[in-house]
Every structure is written in C-alpha cells, then in structure tokens.
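This is what each chain is made of:
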Amino acid sequence: MALITYLTTIRFGDGVLEELPEDFAALGIARPLIVTDRGVAATGLLERLFAVLPAGMPRIVFDEVPSNPTEAATLAALDRYRAEACDGLIGFGGGSPIDLAKAVSILATHPGPLARYAAIDGGIPLITPTVAPVIAIPTTSGTGSEVGRAALMNLEDGRKVGLISPHLIPKRAVCEPDLTLGLPPRLTAATGMDALSHCIETFLSPRFNPPADAIALDGAGRIVRNLEKAVADGQDREARSELMMGALQGGMCFQKGLGAIHGLSHALGSLKNPPLHHGTLNAVLLPPVLRFNAGSADDKYRRLALAMGLAADADLAEYIDGLNARIGMPKTLGEMGVPEAVLPEMAEKAERDHSTPTNPRPVAAADYLRIMRETM
Ligand SMILES: [Zn+2]
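Here the structure is a predicted model, which is why all the values come from computation and not from measurement.

### Here we look at the coordination of the zinc ion
Ligation of the zinc ion by protein atoms is provided by Asp 194 (OD), His 198 (NE2), His 262 (NE2) and His 278 (NE2), these donors lying 2.1 to 2.2 Å from the ion. In this structure, the zinc ion is surrounded by four donor atoms whose angles at the metal cover 84 to 168°, and the resulting shape is irregular. In the primary sequence, the donor residues of the zinc ion line up as D-x3-H-x63-H-x15-H. Taken together, the residues span about one helical turn, with Asp 194 and His 198 both in helix α6 (residues 185–204) at a distance of four residues. Assessed through its relative accessible area of 3%, His 198 is described here as buried.

Here it is in structure tokens:
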C-alpha cells in the first residue's frame, strides 16, 4: 500500500516573484494577508514583495510570527485577517511564517480551537478543502514547508503538534533563490541542515514510496555539494539556487515520514526557554540518531553515502560531524542551552511525536533519553 501525492504548483528560479499576479488571479485572491516575521521585515525583502503586488492591492501585513509558531500568534493573525476582510494568505519567510499562514487558513474557515486539528489527536480528516488559499514564498532554504502538508504549532496547552492535511499544501510555492542571498551564514547553515535532515530521514523511513526515495537522494546530494559554498559566500547564486531546490525536494519527499531526529527536535522545539532553532537542533541530532539507526538500514546508508558523493562504506555520522564543524553548527545540546532537567519530559514527548513511528529502528522514550544524554 502506498499513498503518494505530488500535487502543488511550484514556480522556481530567478524572476518568478514577478509572476505572482498570475497566481492571485488564478486563486481569486484580492486581499491577501502577508504573514511574516520581524526579521524578514527588517531585511527589506518585503519591499520586493510589495513591488510585484498588482496596482490597488492593499499591503496587509502581520509580522509578529515568533521563531516557533504559537497558537496565540495564530489567533492574533486571524483577528487581522478578519478585520481586513482578507481572502487568502501569503506565507513569506522561513518555515514559521509559512506554517502560521497554514494555521490561519484553517481557522479562517473552520471552527476553533486549533487543538482540534492536531494530527496526533485525529484531526487530519477535520481539515477540509475549504481552507483559505495560501501562497508560500520561502526566504530560507530549509523547512520545505512551501510544498509540505504540515504546520508545526506550539499550542497553549504546552504541546508542539503537527497540523497535517493535503489541503494545507500551499496552492502555490513561489521559489525565488535570490530572496536567500542576504541570509547570514549561521542561518544558511542551520536551515540547510534542516533540509538535509528531511532528505536523510525520509530516505531511511521504512514506508514504501520509491518516488520520494529518489527525490530524497537527489536532494541530499544537492545540499551537501552546495551548503558549504553558500555558507562561505552568501552571494554564490548557483549554490543558493541549488540549496533552494534541495530544500524544496526535502519538502516534496517528507510525506513518506521522518524519524527520530524530528521526533526529538519537535519535542525540544516546544521549550519556551530557551527557544531552540529547529534546523540547528536537527544538525546536532543527525550524528547521534544516525549512529542509533546504524544496522537497521545498512543498504540505505550505502546508497545515501553514494548520493552524497562519499564512499559507499563511509561513516555518515562522522561525515555529518565534520560538516557541522565546518559550517559552524554546535556539537551538543548542552552548547545550545538545553537544560539537563528537561530531558526525561522531552523523551516522553518525542515518543508521542508523529515522526517517531517512521524511524527505521523502533525508538522509545528510554532510547530518546539516552540519545539526548549522549549529546549533552
Ligand atoms: Zn525539519
């Protein structure tokens, strides 16, 4: 049995931002709510978006998306959406603004509270095709949320959950690599490692989905060939374009299911203090989880190594350790400020995460605790 969906329309390449008016017309959007964050707003990228809006289209902006999307911010954006009589959304930024736009698209047409729609609580069938249309315009190369069917959300009850539905796939993904030229090295590295972790975890997922496997392998190769280049020289347009494609590919394939890296990073990403960057967490967690899974997917490890330009018997965990060091990623959770005391609770949360069942080796809270302790 396989359920394979590749359904959205993607514009990719330099200059595609200018084609946006065609998408507004096709989707019937006249008053979009532009969902972004302060960081993006401060870069001047919004001006580039405003420049391509059709004459007379209002500039309605919600720029208070936190670093990890929250229910409170979703409700604030929803208020704005309703007050301005909006009829669609533009998620403009990294994964957080795009995910938050998806969450607003649910509540704009479905009854609350948001917790109803958590995938882990059986919310998937409650999300219907009536969601408001979302156009995703990524300004980082990482999450793949521009083509993904999930929105990660920190609920008021303290849980970080996935809102998941094929109807949450943005109706358009507009991928203009130029928008990432100004991304600083550290964010380039962290978002790139998120994308790489999507390709690796998807490929290792035991579900049967050969098209996703092929995309994952191609994406992993593209990312490792270009990530160091883009970190060293943010203006390297070819590397930026390749990374944006690699991130897109990660998002196109992770419907096959992720694994223990994301199980843990979703749990740790729910911490309010300190707030932890999703991509950086994945970078730090990749080597220990690859070691944990070694022996459960040997042939796939060889195929991954070859796709990444390494020898078939290369030690993938060791390679990622070296890559992390070269692009300035931290080595441990302790270095990121994760307090020892929260680990047991995080291990329990990770066990219940929607990414956990597709790890190639069965993983329980006790395993998660050991992996985290070894990475402190
Ligand atoms: Zn991720």
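### Details of the pairing of strand β8 (residues 172–175)
Working note: regular strand, side chains alternate between the two faces of the sheet. Here β8 shows a buried face lined by Arg 172 and Val 174 and a second buried face lined by Ala 173 and Cys 175. Of the strand pairs in this sheet, strand β1 (residues 9–12) and β8 are connected by four bridges, and their pairing is parallel. Bridge assignment links Thr 9 to a residue of β8, and that residue is Arg 172. One ladder, built from two bridges, connects strand β5 (residues 134–138) with β8; its direction is parallel.

### A few points about the nonpolar core
Counting 65 residues, the largest nonpolar core has Met 193, Leu 268 and Met 308 as its most contacted members. Broken down by element, the residue count for this core peaks at ten residues, all from helix α7 (residues 210–232). In contact with Met 193, other than residues within four places in its own chain, are Leu 227, Gly 279, Ala 283, Leu 286, Ile 320, Leu 323, Asn 324, Ile 327 and Met 329. Core analysis: the next-biggest nonpolar cluster, separate from the first, contains 30 residues, Phe 62, Leu 100, Val 104 and Ile 106 among them.

### A look at the domain arrangement of the protein chain
Domains assigned within the protein chain are domain 1 (2–179) and domain 2 (183–374). With centres defined by C-alpha atoms, the gap from domain 1 to domain 2 works out at 24 Å. The interface of domain 1 with domain 2 comprises 33 residues on the first partner and 33 residues on the second. Taken together, the two surfaces of domain 1 and domain 2 that pack against each other cover about 2,600 Å², and 61% of this comes from carbon and sulfur.

### Here's the deal with unusual backbone geometry
Look at the link from Gly 112 to Pro 113: it is a cis peptide, with omega at -5°. Take Pro 113: it is sitting in the loop between α5 (95–107) and β5.

### Comments concerning the packing of aromatic side chains
In this description, an aromatic ring pair is defined by two values, namely the gap between the centres and the angle between the planes. As enumerated under the stated definition, the model contains zero aromatic pairs in all. Above the ring of Phe 203, the side-chain terminus of Lys 300 is found at 5.9 Å from the ring centroid. Against the face of Phe 292 rests Arg 361, its NZ or CZ located 3.9 Å from the ring centre.

### Section: the packing of helix α4 (residues 71–83) against α5
As a packed pair, α4 and α5 sit with axes 9 Å apart at the nearest point and diverge in direction by 60°. As summarised for this structure, α4 and α5 are arranged oblique, according to the angle between their axes. Classified by chirality, the crossing of α5 by α4 is right-handed. Between α4 and α5, the residues in contact are Ala 73, Thr 74, Leu 75, Ala 77, Leu 78, Tyr 81 and Arg 82 and Leu 100, Ala 103, Val 104 and Leu 107, respectively.

### As for the sheet that holds β1
Pairing is parallel in the open sheet, where six strands are placed in the order β1-β8-β5-β4-β2-β3. The strands lining the two open edges of the sheet, one partner per strand, are β1 and β3 (60–62). Across the sheet, the mean angle from the axis of one strand to that of its neighbour is 20°, orientation sign disregarded. Sitting on the sheet, helix α3 (residues 45–52) is in contact with β2 (32–35), β3, β4 (88–93) and β5, with an inclination near 145° to β4.

### Description of the pattern of salt bridges
Enumeration according to the criterion identifies 21 salt bridges in this entry. Across the pair Asp 63 and Arg 38 runs a salt bridge whose closest N-O atoms are separated by 3.5 Å. Placement of Asp 63 in the loop between β3 and α4 and of Arg 38 in helix α2 (residues 38–43) is noted, with a sequence separation of 25 residues between them. Between Arg 159 and Asp 121 there is a salt bridge, and its shortest N-O distance comes to 3.1 Å.

### Here's the deal with the state of the cysteines
Per the stated rule, a full pass over the model turns up zero disulfides. Free of any disulfide, Cys 175 has its nearest cysteine sulfur in Cys 199, 14 Å distant. Taking relative accessible area as the criterion, Cys 175 reaches 0% and is therefore assigned buried. Counting only cysteine sulfurs, Cys 199 is the nearest neighbor of Cys 253, a cysteine outside any disulfide, at a range of 4.8 Å. Given a relative accessible area of 0%, Cys 253 falls into the buried group.

Rules and cut-offs
- Residues numbered from 1 in each chain as written.
- Predicted model: local features only at pLDDT ≥ 70, side-chain atom pairs only at ≥ 80, totals over all residues.
- Heavy atoms only, no water.
- Donors = N, O, S within 2.8 Å, 3.2 Å for Na, K, Ca; no water.
- Tetrahedral: all angles 85-135°; square planar, octahedral: opposite > 155°, others 65-115°.
- Helix = DSSP H or I, 4+ residues; strand = E, 2+ residues; numbered from the N terminus.
- Buried < 20%, exposed > 50% of the residue type's maximum accessible area, 1.4 Å probe, protein only.
- Pairing = 2+ DSSP bridges.
- Core = buried A, V, L, I, M, F, W, Y, C linked by side-chain atoms within 4.5 Å.
- Contact = heavy atoms within 4.5 Å.
- Domains from an automatic or database assignment.
- Buried area = accessible area lost by both parts, 1.4 Å probe.
- Phe/Tyr/Trp six-rings, centres within 6.5 Å; stacked < 30°, edge-to-face > 60°.
- Lys NZ or Arg CZ within 6 Å of the ring centre and 35° of its normal.
- Axes fitted to C-alpha atoms, helices over the stretch in contact; angles between N-to-C directions.
- Parallel < 35°, antiparallel > 145°, perpendicular 65-115°, else oblique.
- Left-handed = near helix turned anticlockwise from the far one by under 90°.
- Salt bridge = Lys/Arg side-chain N within 4 Å of Asp/Glu carboxyl O.
- Disulfide = S-S within 2.5 Å.

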